[in-house]
Amino acid sequence: MLKKHIPNAITCANLFSGCIGIVYAFNGSLEIAAYFVLLSGIFDFFDGFVARLLNVKSAIGKELDSLADVVSFGFLPGIVMFQLLKQSDYTSEYLPYFGFIITVFSALRLAKFNIDTRQTEDFIGLNTPMNTLFIVSLPFIQKDYPALIGSAPLLVGLIVLLSWLLVSEIKIFSLKFNSTSWEQNKIKYIFLILSVLLIPFLKFAAVPLILVLYIGLSLIHFKGTTDK
């Protein structure tokens, strides 16, 4: 049946968009690359949504999704970090390669997700799309705060922190909606409303605040819960 291939086609669109973003990132056009990350994120959301809607979830779809994500939300943010370190006040010609630690830990996070039965509804550790959105927001923030984003120690610190968050045991809610109920999705609605309010005022500079908000609300939401 044709409908069983629709989610996989959307996943391939995620991968294709990520590949184009990579070309722009390697050429130093980090802002354009960010827009392709956004496009990949949209495809990444809708492939799972369509699969559930059409009831055509499959094992190959799950594997394809992770393979696409490791490109769009693993390799691409690694290149962005590489370029930011290259433009920073670093003193070693080898330091920019440290940016690809993000790629390594993104791959580890995706592999862990595929075999972790605790992550059927929510996440354990920071998900790769949110991590990537944070990283691609940095070139936009650099326009207003060049000294801050141009600091190699800060960028290295961010790489270490984000890599840890990717494989951490912090429980983070997903943005999948099984219903429109306020009671069942209260934390998600609050997060989305606050994010929507921040974006018009701060644009890409809102992303770091949204990430902090995402993790903070998750800690509050899952406080006192234990994994079984």
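Residues numbered from 1 in each chain as written. Predicted model: local features only at pLDDT ≥ 70, side-chain atom pairs only at ≥ 80, totals over all residues. Heavy atoms only, no water.

Colleague: If you had to explain the overall build of the chain to someone new, which residues and values would you point to?
Modeller: Of the regular secondary structure elements, the chain holds nine helices and two strands. Along the chain direction, N to C, the helices and strands of the chain fall in the order α-α-α-α-β-α-α-α-β-α-α. Taken against the 2.2 N^0.38 rule, which gives 17 Å for 228 residues, the C-alpha radius of gyration of the chain at 18 Å falls within 12% of a compact globule. Each principal axis of the C-alpha atoms in the chain carries an extent, and together these give about 55 × 40 × 35 Å. Out of the 228 residues belonging to the chain, those deemed buried represent 45%. When contacts within the chain are restricted to residue pairs at least 6 apart in sequence, long-range pairs at least 24 apart make up 73% of them. Roughly 12100 Å² of accessible area belongs to the chain as shown, and the carbon and sulfur atoms make up 70% of that amount. Here the chain carries 17 positive and 15 negative side-chain charges, and the mean point of each set is 7 Å from the other. (Helix = DSSP H or I, 4+ residues; strand = E, 2+ residues; numbered from the N terminus. Rg over C-alpha atoms; globule rule 2.2 N^0.38 Å. Buried < 20%, exposed > 50% of the residue type's maximum accessible area, 1.4 Å probe, protein only. Contact = heavy atoms within 4.5 Å. Areas by Shrake-Rupley, 256 points an atom, 1.4 Å probe, with all protein chains shown as cover. Lys, Arg positive; Asp, Glu negative; His and termini not counted. Charge placed at Lys NZ, Arg CZ, Asp CG, Glu CD.)

Colleague: So, the packing of helix H3 (residues 59-87) against helix H5 (residues 128-144): which residues are in play, and what are the values?
Modeller: Close contact between H3 and H5 brings their axes to 9 Å; oriented N to C, the two are set at 30°. One way to sum up the angle between H3 and H5 is to call them roughly parallel. Crossing angle aside, the handedness with which H3 passes H5 is left-handed. Of H5, the residues touching H3 (which contributes Asp69, Ser72, Phe73, Pro77, Val80, Met81, Leu84 and Gln87) are Thr128, Pro129, Thr132, Ile135, Val136, Leu138, Pro139 and Gln142. Looking at the contact of H3 with H5, its residues break down into 10 nonpolar, five polar and one charged. (Axes fitted to C-alpha atoms, helices over the stretch in contact; angles between N-to-C directions. Parallel < 35°, antiparallel > 145°, perpendicular 65-115°, else oblique. Left-handed = near helix turned anticlockwise from the far one by under 90°. Nonpolar A, V, L, I, M, F, W, Y, C, P; charged D, E, K, R; others polar.)

Colleague: Can you break down the nonpolar core residue by residue, with the values?
Modeller: Among the nonpolar cores identified, the biggest contains 44 residues, and Met81, Leu138 and Leu162 are the most heavily contacted of them. Of all the secondary-structure elements, those providing two or more residues to this core are helix H1 (6-26), helix H2 (30-54), H3, H5, helix H7 (152-167), helix H8 (182-202) and helix H9 (206-221). Per-element accounting of this core gives the leading share, eight residues, to H3. Three or more residues apiece are contributed to this core by two domains, here domain 1 (2-168) and domain 2 (173-227). For Leu138, the residues in contact, after removing those within four places along its chain, are Met81, Leu84, Ile149, Leu155 and Leu158. (Core = buried A, V, L, I, M, F, W, Y, C linked by side-chain atoms within 4.5 Å. Domains from an automatic or database assignment.)

Colleague: Account for H9, naming residues and giving values.
Modeller: Across its 16 residues, H9 extends 22 Å between first and last C-alpha, which sits within 8% of the 22 Å expected from 1.5 Å per residue. Inspection of H9 places Ala206, Val207, Pro208, Ile210, Leu211, Tyr214, Ile215, Leu217 and Ser218 among the buried residues, and these make up the whole buried set. Residues of H9 that are buried make contact with strand S1 (123-124), H5, H7, strand S2 (171-172) and H8. (Expected span 1.5 Å × (residues − 1).)

Colleague: How would you sum up the UniProt feature "transmembrane region" (unreviewed entry) in the chain? Please name residues and give values.
Modeller: The feature "transmembrane region" (unreviewed entry), as annotated in UniProt, sits at residues 7-26, 32-54, 66-82, 94-111, 123-141, 147-168 and 189-222 in this numbering. Measuring from the first to the last C-alpha atom of residues 7-26 gives 29 Å, for a span that is 100% helix and 0% strand. (UniProt positions renumbered as here; feature names shortened; annotations may be inferred.)

Colleague: So what's going on with the pattern of salt bridges? Which residues, and what values?
Modeller: If charged atoms from side chains of opposite charge come close, those side chains can pair. Following the criterion strictly, the structure yields three salt bridges and no others. Taking the shortest distance from any N to any O, the salt bridge between Lys143 and Glu31 comes out at 3.2 Å. Here the residue Lys143 occupies a position in helix H5, and Glu31 occupies one in helix H2, the gap between them amounting to 112 residues. What makes Lys143 exposed here is its relative accessible area of 57%. (Salt bridge = Lys/Arg side-chain N within 4 Å of Asp/Glu carboxyl O.)

Colleague: Hey, could you go over the domain arrangement of the chain for me, with residue numbers and the actual values?
Modeller: We note that the domain assignment places domain 1 (2-168) and domain 2 (173-227) within the chain. The C-alpha centroid of domain 2 is placed 19 Å from the C-alpha centroid of domain 1. Between domain 1 and domain 2, the contact holds 20 residues from the first and 15 residues from the second. Between domain 1 and domain 2, roughly 1500 Å² of surface is buried when both sides are summed, and carbon and sulfur atoms account for 73% of that area. If you look at where domain 1 meets domain 2, you find zero salt bridges. (Buried area = accessible area lost by both parts, 1.4 Å probe.)

Colleague: Can you break down H2 residue by residue, with the values?
Modeller: Counted at 1.5 Å a residue, the expected span for H2 with its 25 residues is 36 Å, and the 36 Å between its end C-alpha atoms agrees. With its phi angle positive at about 55°, Asn55 sits one or two positions after the end of H2.

Colleague: Describe the environment of Leu175, with residues and values.
Modeller: Summarising the element assignment, Leu175 is placed in the loop between S2 and H8. Accessibility expressed as a relative area gives 28% for Leu175, which makes it partly exposed. In the structure, Leu175 is positioned 12 residues away from Ile187 in sequence and 9.7 Å away in space, judged by C-alpha atoms. Residue contacts for Leu175: discarding those within four places in its chain leaves Phe45, Lys188, Phe191 and Leu192.

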